[in-house]
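# Secondary and tertiary structure notes
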Amino acid sequence: MQRNAEKNTIAVLDFGSQYSHLIVRRMRELGVYAELLSPETPSEKLQEFSAIVLSGGPQNLSASDALQADPKLYALGIPMLGICYGFQLMAHQLGGEVRAGKTREYGPACVTVATRSPLFKGLPRSEPTWMSHGDQVTRVPNGFKITARSEVCPIAAMEDRKRRLFGIQFHPEVKHTTHGMKVLQNFVRITGAKHTWRLGKDWIDKTVADVRAQVGMGRALCALSGGVDSTVAAYLTHRAIGKKLTCVYVDTGLMRQGETEQIKRTFAKLPKLDFRVVHAEREFLKALKGVTDPEQKRKVIGRLFVRLFEREQTKLRRTDFLVQGTLYTDAITSGVSVGGKAAVIKSHHNVGGLPKDVAFRLIEPLRDLYKDEVRLLGRSLGVPEEIVSRQPFPGPGLAVRIIGEVTKEKLATLRKADAIFREELIVAGKAKQVAQYFAVLPDIRSVGVQGDARTYGHLIILRAITTADFMTADWARLPHTLLARASARITNEVAGINRVAYDITSKPPGTVEWE
């Protein structure tokens, strides 16, 4: 992932947006390598790059601690693109004006191109975009002209073509902006960067070499969940250190119906890996007793996972490293960003949920990648397709799909409802058309009628989403007949359930999981 001598890398300054890394990702999709950097990166370092992007962020420029960029970077003569907060910051630092808008824009917004611009070349005059801002630019700096507007935002884009400085209020990196990739492609064309980036053998070779150097003469233990992320991390690490790797699967009792048995069967067939199972259902249920706050659940689960791995560590000589399948989507929603200002959406058990006194040094070879990139790597590494294409499942398991306290009885109820939903999707031929699907058991009861008698039962919520990268997502438009069959089966076959609902919330404003 190193820059080449031709300065063929785009720097993305991270101001804490949930989408900062998506900008990097989109550039890679266009074949150009991009690197996420701190917003305080000095201009002397930034002049090494072919272009600079200023990301969005959750702050307001009026705040005393608002992140700033080195003002000297605007004089580097390097193409720049400011997005959302980055757009406002560019305007502010160059003498424009930014104020709180009378109306905020969160979600879909139609942007109208006001004048010809190389950034909008080949786009329709009216562009469906995704907005997420309260402040807005009210006056552009000297030398800039307004290039687009929306109904709420009179200045939705600006440019100083001579200095190759561009700013846009909307987010081109998210899928909700219809022609967002075209906007980024136009910017890449303006930069002159070459399309030479590929995630393949070179990346694998470098990552394997890095892991081998990190472990040295020691050993590593891999936290193996049976999913694609941890399995690919295990394969990469095994390629680096071979028999010095031990993979441990913890049976938490929080898995889906039949999943632990399936994982055992799958990994028993893989002689390349030293695979061990730790049975810990009783310990997890005890630790979760009385816990209802979702953040606390994740931290309890993360802490217990580490303690169990530390217990296994004592059985293995010189095992100082813990391998995890952490992805960037895990890190960014846990508030981890280069700029250190990202909002905590939820702490993933293997990121924000880890205790501070971990007895391991972490190895996270996939931390800068996305789910679909990991699937591609898995196939390159020879990971079985049944794992590569496995339905995503959160590390804390069904604990974060039960709203409220987790009990053995609730787990049994949710497992059965979830299995029915999955079965109906498979039978209907829709399972491969959605990225993730599952059932949720909320802490809600409702009145119903079953067998001509009044019931006061529990609710099951069904959730299915479509997404390319899990940073943004849309709810899946499943056939009503499929939903009707699933609802009828769940209310008939799962004791205590008398109502089924379907979640039609996108991400944002929701998240994929409920907790």
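Residues numbered from 1 in each chain as written. Predicted model: local features only at pLDDT ≥ 70, side-chain atom pairs only at ≥ 80, totals over all residues. Heavy atoms only, no water.

## Regarding the overall build of the chain
The helix and strand inventory of the chain stands at 14 helices and 19 strands. Against the 2.2 N^0.38 benchmark of 24 Å for 515 residues, the chain shows a C-alpha radius of gyration of 25 Å, consistent with a compact globule. Here the C-alpha coordinates of the chain stretch approximately 70 × 65 × 45 Å along the principal axes. Here the chain holds 515 residues, and the buried ones make up 58% of them. (Helix = DSSP H or I, 4+ residues; strand = E, 2+ residues; numbered from the N terminus. Rg over C-alpha atoms; globule rule 2.2 N^0.38 Å. Buried < 20%, exposed > 50% of the residue type's maximum accessible area, 1.4 Å probe, protein only.)

## Brief notes about the packing of helix 5 (residues 201–215) against helix 6 (residues 228–241)
Axis separation between helix 5 and helix 6 bottoms out at 8 Å; the angle between their running directions is 65 degrees. Crossing geometry of helix 5 relative to helix 6 is assigned as right-handed. Where helix 5 abuts helix 6, its residues Trp203, Ile204, Thr207, Val208, Val211, Arg212 and Val215 lie against Leu236, Thr237, Arg239, Ala240 and Ile241. Looking at the contact of helix 5 with helix 6, its residues break down into eight nonpolar, two polar and two charged. (Axes fitted to C-alpha atoms, helices over the stretch in contact; angles between N-to-C directions. Left-handed = near helix turned anticlockwise from the far one by under 90°. Contact = heavy atoms within 4.5 Å. Nonpolar A, V, L, I, M, F, W, Y, C, P; charged D, E, K, R; others polar.)

## Some words on the nonpolar core
One finds Leu366 and Leu478 to be the most contacted residues of the largest nonpolar core, which totals 87 residues. Counting residues per element, this core draws most heavily on helix 6, which supplies eight residues. Among the nonpolar cores identified, the runner-up in size contains 40 residues, and Val12, Met27, Val111 and Met131 belong to it. (Core = buried A, V, L, I, M, F, W, Y, C linked by side-chain atoms within 4.5 Å.)

## Things to note about the confidence of the model for the chain
Residues of the chain with pLDDT of at least 70 account for 93%, and the chain-wide mean is 88. Segment residues 1–6 is flagged for pLDDT under 50; beyond a separation of four residues in sequence, or across chains, it makes 13 contacts in the model. Predicted confidence is poor over residues 344–353, with pLDDT under 50, and the contacts of this stretch with residues over four places away or in other chains come to 49 contacts. (pLDDT = per-residue confidence, 0-100.)

## Describing the sheet that holds strand 13 (residues 319–323)
One open sheet accounts for five strands, arranged 12-11-10-13-14; its pairing is parallel. Here the strands that pair on one side only, and so sit at the sheet edges, are strand 12 (274–279) and strand 14 (361–363). Neighbour-to-neighbour, the strand axes of the sheet open up by a mean angle of 30 degrees, direction not taken into account. Here four bridges tie strand 10 (residues 219–223) to strand 13, and the two strands are oriented parallel to one another. Within strand 13, the position partnered with Arg219 by the bridge is Thr319. (Pairing = 2+ DSSP bridges.)

## Structural notes on the packing of helix 13 (residues 408–427) against helix 14 (residues 480–493)
It is the contact of helix 13 with helix 14, at a shortest axis distance of 9 Å, that shows an interaxial angle of 150 degrees. Put simply, helix 13 runs roughly antiparallel to helix 14. For the pair helix 13 and helix 14, the crossing hand works out as right-handed. On the side of helix 13, the interface is formed by Lys416, Ala417, Ile420, Phe421, Glu423, Glu424 and Leu425, while helix 14 contributes Leu482, Arg485, Ala486, Arg489, Ile490 and Glu493. Looking at the contact of helix 13 with helix 14, its residues break down into seven nonpolar, no polar and six charged. (Parallel < 35°, antiparallel > 145°, perpendicular 65-115°, else oblique.)

## Quick notes on the pairing of strand 11 (residues 245–251)
Of all seven residues in strand 11, seven are buried, a share of seventy percent or more. What you see with strand 11 is no split at all: Leu245, Cys247, Tyr249 and Asp251 on one side and Thr246, Val248 and Val250 on the other are buried throughout. Relative to strand 11, strand 10 runs parallel, the two being bridged by four bridges. Each bridged residue has a counterpart across the sheet, and for Cys222 the counterpart in strand 11 is Cys247. Summarising the sheet, strand 11 and strand 12 pair through six bridges and their orientation is parallel.

## Overview of the sheet that holds strand 4 (residues 80–83)
Sheet strands pair via backbone hydrogen bonds, and the direction of the pair is either parallel or antiparallel. Ordered by their spatial adjacency, nine strands build an open sheet running 2-1-3-4-9-8-7-5-6, and the pairing between neighbours is mixed. The sheet is open, and its two borders are formed by strand 2 (33–37) and strand 6 (126–139), each paired with just one other strand. Along the sheet, successive strands turn relative to each other by an average axial angle of 20 degrees, direction set aside. With four bridges joining them, strand 1 (residues 9–13) and strand 3 (residues 51–54) adopt parallel strand pairing.

## Re the side chain of Thr231
Examined against the element boundaries, Thr231 turns out to sit in helix 6. A distance of 2.7 Å separates a polar side-chain atom of Thr231 from the backbone oxygen of Gly227. (Polar contact = N/O pair within 3.5 Å; in protein donor to acceptor, adjacent residues only side chain to side chain.)

## Remarks on the pattern of salt bridges
Counted by the stated rule, this structure contains 28 salt bridges. Linking Arg163 and Asp160 is a salt bridge whose minimum nitrogen-to-oxygen distance equals 2.8 Å. The exposure class assigned to Arg163 is partly exposed, which follows from its relative accessible area of 35%. A salt bridge links Asp418 to Arg422, with the shortest nitrogen-to-oxygen separation between them at 3.0 Å. Residue Asp418 and its partner Arg422 are both found in helix 13; the two are separated by four residues, about one turn of the helix. Each of Arg25, Arg26, Glu29, Asp372 and Glu373 takes part in salt bridges that share partners, so that together they form one network. (Salt bridge = Lys/Arg side-chain N within 4 Å of Asp/Glu carboxyl O.)

## Details of the environment of Leu165
The residue Leu165 is located in strand 9 (residues 165–168) in this model. The contacts of Leu165, once residues within four sequence positions are left out, are Ile78, Met80, Met90, Leu94, Phe144, Met158, Glu159 and Asp160.

## What about the packing of aromatic side chains?
This model, assessed by the stated rule, comprises seven aromatic pairs. Centre to centre, the rings of Phe284 and Phe305 are 5.3 Å apart; their planes meet at 65 degrees, and the pair counts as edge-to-face. Here Phe284, found in helix 8 (residues 281–288), pairs with Phe305, found in helix 9 (residues 294–313); they are 21 residues apart in sequence, far enough to count as distant. With respect to burial, Phe284 and Phe305 carry one shared label: buried. Connected via pairs of aromatic rings, a cluster forms that spans Phe284, Phe305 and Phe309. Across from the ring centre of Phe438, 4.0 Å away, lies the NZ or CZ of Arg401, which sits over that ring. Arg477 extends its terminal NZ or CZ atom over the ring of Trp475, reaching a point 3.7 Å from the ring centre. (Phe/Tyr/Trp six-rings, centres within 6.5 Å; stacked < 30°, edge-to-face > 60°. Lys NZ or Arg CZ within 6 Å of the ring centre and 35° of its normal.)

## What about the environment of Ser132?
With respect to the helices, strands and loops of the structure, Ser132 is situated in strand 6. Separated by 90 residues in the primary sequence, Ser132 and Cys222 place their C-alpha atoms 38 Å from one another. Setting aside chain neighbours within four positions, we find Ser132 in contact with Cys84, Glu105, Tyr106 and His171.

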